[in-house]
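# Commentary on secondary and tertiary structure
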Amino acid sequence: MAVSLKVNGAARSVPAEPDTPLLYVLRNDLALNAAKFGCGLAQCGACTVLVDGKPVRSCITEVGSVGESEVTTLEGLGTVDKPHPLQKAFIEEQAAQCGYCIAGMMMSAKALLDVNPHPSEADVRQGLADNLCRCGTHNRIIRAVLKASHAMGRT
Amino acid sequence: MNVVVSRREFAAGLGGIVVAFTLAPRLLVETALAQQPAPLPGSLANNRMLDAWIRIHADGDATVCMGKVELGQGAVTALAQIAAEELDLPLARLHLISGDTEKTPNEGVTSGSQSIEYGGVALRLAGAQVREILVDLAAKRLGADATTLTVADGVISAPDGRKVSYGDLARDADLHREVSGKARPKPSSTHTIVGKPIERLDIPGKVTGGVAYVQDLRLPGMAHGRVVRPPQYGAKLQTIDEAAVKAMPGVVAVVRDGSFLGVIAEREEQAIKASVALAKSAKWAAGPPLPDQAGIYDLLLSLPAEAKVISEKQAALPDDVRVFEATYRRPYTAHASIGPSCAVAEFKDGKMTVWTHSQGVFPLRGNLAMGLKLPADKVHCIHAEGSGCYGHNAADDVALDAALLARAAPGGRPVRVQWMRGDEFGWEPFGPAMVIKTKAALSPQGRVVDWNFDVFSNTHSTRPSEPGGNNLLSSWYLADPQPPAPPRTIPQPAGGGDRNAIPLYDFPRQRVVNHFIKEMPLRVSALRTLGAYANVFATESFFDELALAANADPVAFRLAHLKDPRARAVIEAVARKADWKPGEKGDGSRGRGIGFAKYKTLATYVAVIAEVEVDRATGKVSVPRAWAAVDSGQIINPDGLANQMEGGIVQSASWTLKEEVRFDRDGIKSRDWLGYPILTMPEAPKVEVVLIDRPDEKPLGSGEGAQGPAVAAIANAFAAATGKRLRDLPLSPDRVKAALG
């Protein structure tokens, strides 16, 4: 069985059953590391990716349900050499400890900034309310998202 | 794992560069009979060879090996800063290898905020000696006096402008010798890398989807495994429907050894489906029931305990004192890593290689060898980062699971195993529940003149490093089960359950007793700070109660009982930062409190002031703001130190406000994030940190400095806000409503 999908702008075909969670396809078939398995229950946000710009929990999203939609992962935002403003801000603010939650945080932040380019601190906190961080990096993550929003506002 | 700073080898994955060398201290063996080796500080004590730590290559780059590992705390960057500083090499020219049983020094377990103190001193002395050796060689080569030479970026220059590089000297530099311990590190005034907020080496990869974690390893031919856990502790597997599961799509093997049950499949989702089917078909004989949660503290107090007086000061007790007593309790607390534990194992030519996020690859190797019945030299453990662990979670356990499945995998295929969320919560060893009984006397002059502190706790370490058994979960369930190591308490001065039980305050009379309970109703082990979180909560809460009884300001009351100038300095600094007003009062729903501790009573000093808001209708407590001051001696990386303080306070706020493992007679009931909620983004306090740098003091670890002071500050702020004292954690809405009536 093969399923086709569009990830970070490229058409891909993977040998997976349609009911396979998108997360395993991204990680294991497409070797995209960013989205993480955290709970498999849509409770922690570590697996967050964008589907047509909307944040979804890839751990409970069946790959067969994605269809023609555009899937965007953290890898689709930028690279170490050409970072997206969010990635740049997270590095500048040193907004990670273990970093396991960070990809999901950043994708939720991307979704937030896409609909609200100039969020208040309270907006950022609310926008990331369903993404759990265990290291206590919350303050830095909030600062990084605000910094990215300012940087994006200037360009 | 390997961190190659230049990234040029990052693409090669986690396997890293292989350099042939020996860790065996050849010279040491030869001279051992003649004389006892001189003691060396820190991690050098057991890793005496210079080239076990640092090697210089023909291109002038250096390989730096560390037994301490990255857990998300920034240790590898900080250790690299120390090495780069002493070597006079830019960070980008260091190739870092950490936590590999065949390549790095054995520094035991990365725990107890000791990486900087033990690993840092080793790299500092080793780096200084390598630099001295290279400078001496350069002096000979250039015919110059070594004291006239200068070093920058791995190039040694004579006053007349002639130069020679480390690469030119690498071949002649004999680093296969013992560390002398006598090399002189650079004075702190000349530091250009240490003490600077260098960006963490691991963060760019983590924010762009680079290979950063053991979870990201994909070896050729790798299969996916899952383990089916029993319904509760000690249950025994009776029957399974193996044939039906074997017939499922992608299933490679069903593996059973006694009550250990696992499955290997081609694809991860196939392994998960097969494990769910296996679990459904499995029939178990129930294990012994767990105790009732409601009676857990009474049960702990009723169990046999070994009592040991760990501190005693005698003085006459005046007879006009007022006596106060209180009991404090802390529940079982989960590590609750965001990512469930994971390992990859490969069994090839009789040798087991395991990629693991264990905190101690060498102790893990020992328990793996025992569990697999292999000689230790046939087990190779390689560290790769995982999700933050905050102590002994399931990282070690899953390594044995992966190894057991890899041993059974057809064709020697590597197997990756990640635990499912419910198993991570249900089977990790929790931070132990604790009870602390305090009793103190206050003189008419408002001084504490007697202090009694009794700690009741299980062990705080059932790590694989414990001798006399196998501490890996699945080893207990094999057909030929291996018993766990007998529980021990970690002795003072660091302490286990009694960590930070001895107060830093100057009391004329005191008695501190550790009641070590061997029987463990729930599986427990090391959670960040061990007993310090609860002991600082109890000490600092009770001290505030005494301050209130003495009608004294909490900050002034602390200072009045403290001589240690560094302790006084952090308290004064945080009071200034938070604009603390002597005698400030809460208003019924809002208030502030302070907490202080010197971690382990011998390391980092931290004082925290927290502000709490209490919703009297719902009982919900929130912490909008916190301030901290920290003195961890010489600061290696100020931003890393601040990050550890901020994180420690937020994590402690989560433990304090929300966390408690739920269980009933049938087993552990906290199995997901709804059953074990943690602090969310809207709930996280804003934190401001004051760093006190002491460049001439030894550098200390900071990962565990803030949690105790933070819980105390929050509990004291709650009391200041409401006038009611909560002595049971967490400060949950039910407790708050009951206390406020």
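Residues numbered from 1 in each chain as written. Chains lettered and ligands numbered in written order. Predicted model: local features only at pLDDT ≥ 70, side-chain atom pairs only at ≥ 80, totals over all residues.

### Regarding the overall build of chain A
Across its full length, chain A carries 5 helices and 5 strands. Counting helices and strands in the order they occur from the N terminus, chain A gives β-β-α-β-β-β-α-α-α-α. With respect to the three principal axes, the spread of C-alpha positions in chain A is 45 × 30 × 25 Å. Within the span of chain A, comprising 155 residues, buried residues form 57% of the whole. The contacts of chain A with a sequence gap of at least 6 include a subset with a gap of at least 24, amounting to 58%. (Helix = DSSP H or I, 4+ residues; strand = E, 2+ residues; numbered from the N terminus. Buried ≥ 20, exposed ≤ 12 C-beta atoms within 10 Å, placed from the backbone. Contact = placed C-beta atoms within 7 Å.)

### Overview of the domain arrangement of chain A
All names here are of chain A. Along its sequence, chain A is carved into domain 1 (3-76) and domain 2 (85-154). Contacts between domain 1 and domain 2 engage 14 residues on the former and 13 residues on the latter. Listing elements by their share of the side of domain 1 that touches domain 2, those giving two or more residues are β3 (48-51) and β4 (54-57). It is β3 that contributes the most residues to the side of domain 1 that touches domain 2, 3 residues altogether. Class assignment for the residues of the side of domain 1 that touches domain 2 results in 9 nonpolar, 3 polar and 2 charged. (Domains from an automatic or database assignment. Nonpolar A, V, L, I, M, F, W, Y, C, P; charged D, E, K, R; others polar.)

### With respect to the sheet that holds strand β16 (residues 351-356) of chain B
Picture the strands of a sheet paired through backbone hydrogen bonds; they go either parallel or antiparallel. Residue and element names in this part refer to chain B. Strand order in the open sheet made by the 7 strands is β10-β11-β8-β18-β15-β16-β17, with mixed pairing throughout. A strand with exactly one partner marks an edge of an open sheet, and here the two such strands are β10 (251-257) and β17 (379-383). Here the strands of the sheet are splayed against their neighbours by 20° on average, with no regard to which way each runs. Packing against the sheet, helix α9 (residues 361-372) makes contact with β16 and β17, and its axis sits at approximately 145° to β17. (Pairing = 2+ DSSP bridges. Axes fitted to C-alpha atoms, helices over the stretch in contact; angles between N-to-C directions.)

### Some thoughts on the domain arrangement of chain B
Residues and elements named next belong to chain B. What the domain assignment lists for chain B is domain 1 (2-206), domain 2 (214-286 + 337-423) and domain 3 (434-460 + 496-740). Each of domain 1 and domain 3 was reduced to a C-alpha centroid, and the two centroids are 38 Å apart. Taken together, the 18 residues of domain 1 in the interface contact 22 residues of domain 3. Of all the secondary structure elements, the ones that give two or more residues to the side of domain 1 that touches domain 3 are α2 (75-87) and α3 (115-142). Here the residues of the side of domain 1 that touches domain 3 sort into 6 nonpolar, 11 polar and 1 charged.

### Structural notes on the interface of chain B and chain A
Accessible area lost on assembly of the parts is the figure often given for the size of an interface. Facing 48 residues of chain B, the contacting portion of chain A comprises 49 residues. In terms of residue count, the dominant contributor to the side of chain B that touches chain A is helix α15 (residues 638-658) of chain B (8 residues). Of the residues that constitute the side of chain B that touches chain A, the class distribution is 19 nonpolar, 16 polar and 13 charged.

### Quick word on the pairing of strand β24 (residues 621-631) of chain B
Consecutive side chains along a regular strand alternate between the two faces of the sheet. All names here are of chain B. Burial runs high along β24: 8 of the 11 residues are buried. Taken together, the 9 bridges between strand β23 (residues 605-614) and β24 define a ladder with antiparallel strand orientation. The partner of Ala607 across the bridge, within β24, is Ala629. Here β23 hands over to β24 after 6 residues, with Gly619 in that stretch at a positive phi of 80°. Two strands pair when backbone bridges link them, and β24 and strand β27 (residues 686-691) are joined in this way by 6 bridges, in the parallel orientation. Paired with Trp627 across the bridge in β27 is Glu688.

### Section: the environment of B:Ile678
With respect to the helices, strands and loops of the structure, B:Ile678 is situated in the loop between β26 (667-668) and β27. The buried category is assigned to B:Ile678, around which 22 C-beta atoms lie within 10 Å. Along the chain, B:Ile678 and B:Arg48 lie 630 residues apart, while their C-alpha atoms are 43 Å from each other. Beyond its immediate chain neighbours, meaning those up to four positions away, B:Ile678 contacts A:Leu132, A:Arg134, B:Ala336, B:Ser654, B:Lys658 and B:Glu659.

### Quick look at the sheet that holds β27(B)
Residue and element names in this part refer to chain B. Read from one edge to the other, the open sheet built from 4 strands follows the order β22-β23-β24-β27, with strand pairing classed as mixed. Edge positions in the sheet fall to β22 (590-598) and β27, since each of these pairs with one other strand and no more. The sheet shows a mean angle of 15° between the axes of neighbouring strands, taken without regard to direction. Along the sheet, helix α14 (residues 565-577) contacts β22, β23, β24 and β27; its crossing angle with β24, the most-contacted strand, is approximately 135°. Contacts from helix α16 (residues 707-722) reach β22, β23 and β24, with the element oriented near 150° to β22.

### Some thoughts on the packing of helix α12 (residues 532-549) of chain B against α16(B)
All names here are of chain B. In contact at an axis separation of 8 Å, α12 and α16 are set at 35° when each is read in the N-to-C sense. Note that α12 runs across α16; the crossing there is right-handed. Seen from α12, the contacting residues are Ala532, Tyr533, Val536, Phe537, Glu540, Ser541 and Asp544; seen from α16, they are Gln707, Gly708, Pro709, Val711, Ala712, Ala715, Asn716 and Ala719. (Left-handed = near helix turned anticlockwise from the far one by under 90°.)

### With respect to the pairing of β23(B)
Of all 10 residues that make up β23(B), 9 are buried, and the element is covered over most of its length. Where β22(B) folds back onto β23(B) in an antiparallel hairpin, the turn is made up of 6 residues, including B:Lys600, whose phi is positive at roughly 65°.

### Topic: the nonpolar core
All names here are of chain B. Judged by nonpolar contacts, the single largest core of 276 residues is most densely connected at Ala402, Val574, Val608 and Ala628. It is α3 that contributes the most residues to this core, 13 residues altogether. Beyond its immediate sequence surroundings of up to four residues, Val608 is in contact with Val574, Gly595, Ala626, Trp627, Ala628, Ile649, Ala706, Pro709, Ala710 and Ala713. (Core = buried A, V, L, I, M, F, W, Y, C linked by C-beta atoms within 7 Å.)

### Re α15(B)
Over its 21 residues, α15(B) extends 30 Å from the first C-alpha to the last, a length consistent with the 30 Å expected when each residue adds 1.5 Å. Among the 21 residues in α15(B), 18 count as buried, and that is most of the element. (Expected span 1.5 Å × (residues − 1).)

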